[in-house]
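The residues making up each chain are set out below.
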Amino acid sequence: MLSVLIGVLIILVVGAICFWAIDRFVNDGRLANLLKILVVLICLGAILQRVLPLVGIGGL
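Residues numbered from 1 in each chain as written. Predicted model: local features only at pLDDT ≥ 70, side-chain atom pairs only at ≥ 80, totals over all residues. Heavy atoms only, no water.

**Focus on helix H2 (residues 29–55)**
Right, so step 1: Along its 27 residues, H2 runs 38 Å from first to last C-alpha, staying within 8% of the 39 Å computed at 1.5 Å per residue.
Right, so step 2: Of all the bends found along H2, the most pronounced is centred on Gln 49 and spans about 30 degrees, while Pro 53, a proline, follows it within four residues.
Right, so step 3: Where H2 is concerned, the buried positions are Ala 32, Lys 36, Val 39, Cys 43 and Ile 47.
Right, so step 4: On the buried face of H2, the contacting elements are helix H1 (2–25). (Helix = DSSP H or I, 4+ residues; strand = E, 2+ residues; numbered from the N terminus. Expected span 1.5 Å × (residues − 1). Bend = angle between axes of the 7 residues up to and from the residue. Buried < 20%, exposed > 50% of the residue type's maximum accessible area, 1.4 Å probe, protein only. Contact = heavy atoms within 4.5 Å.)

**Quick look at the packing of H1 against H2**
Right, so step 1: Direction vectors running N to C along H1 and H2 enclose 175 degrees, while the axes themselves pass 10 Å from each other. On the basis of the axis angle, H1 is roughly antiparallel to H2. In this structure, H1 uses Val 4, Gly 7, Val 8, Ile 11, Leu 12, Gly 15, Cys 18, Phe 19, Ile 22 and Asp 23 to contact H2, whose residues at the interface are Ala 32, Leu 35, Lys 36, Val 39, Val 40, Cys 43, Ala 46, Ile 47, Arg 50, Val 51 and Leu 54.
Right, so step 2: Class assignment for the residues of the contact of H1 with H2 results in 16 nonpolar, 2 polar and 3 charged. (Axes fitted to C-alpha atoms, helices over the stretch in contact; angles between N-to-C directions. Parallel < 35°, antiparallel > 145°, perpendicular 65-115°, else oblique. Nonpolar A, V, L, I, M, F, W, Y, C, P; charged D, E, K, R; others polar.)

Below, the structure written as structure tokens:
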């Protein structure tokens, strides 16, 4: 359980760093929004991949 919590926190920190980098280095607003949506979807997928086996859904 603790390793899952640490993994989720690491994913959130990496996502926040990606958001900062997108805000800092991407000049086009539409591209920045699309990249942010992509980061959110990837982070949600990674979090679900770690949490769902604890709940008993999916067992890869």
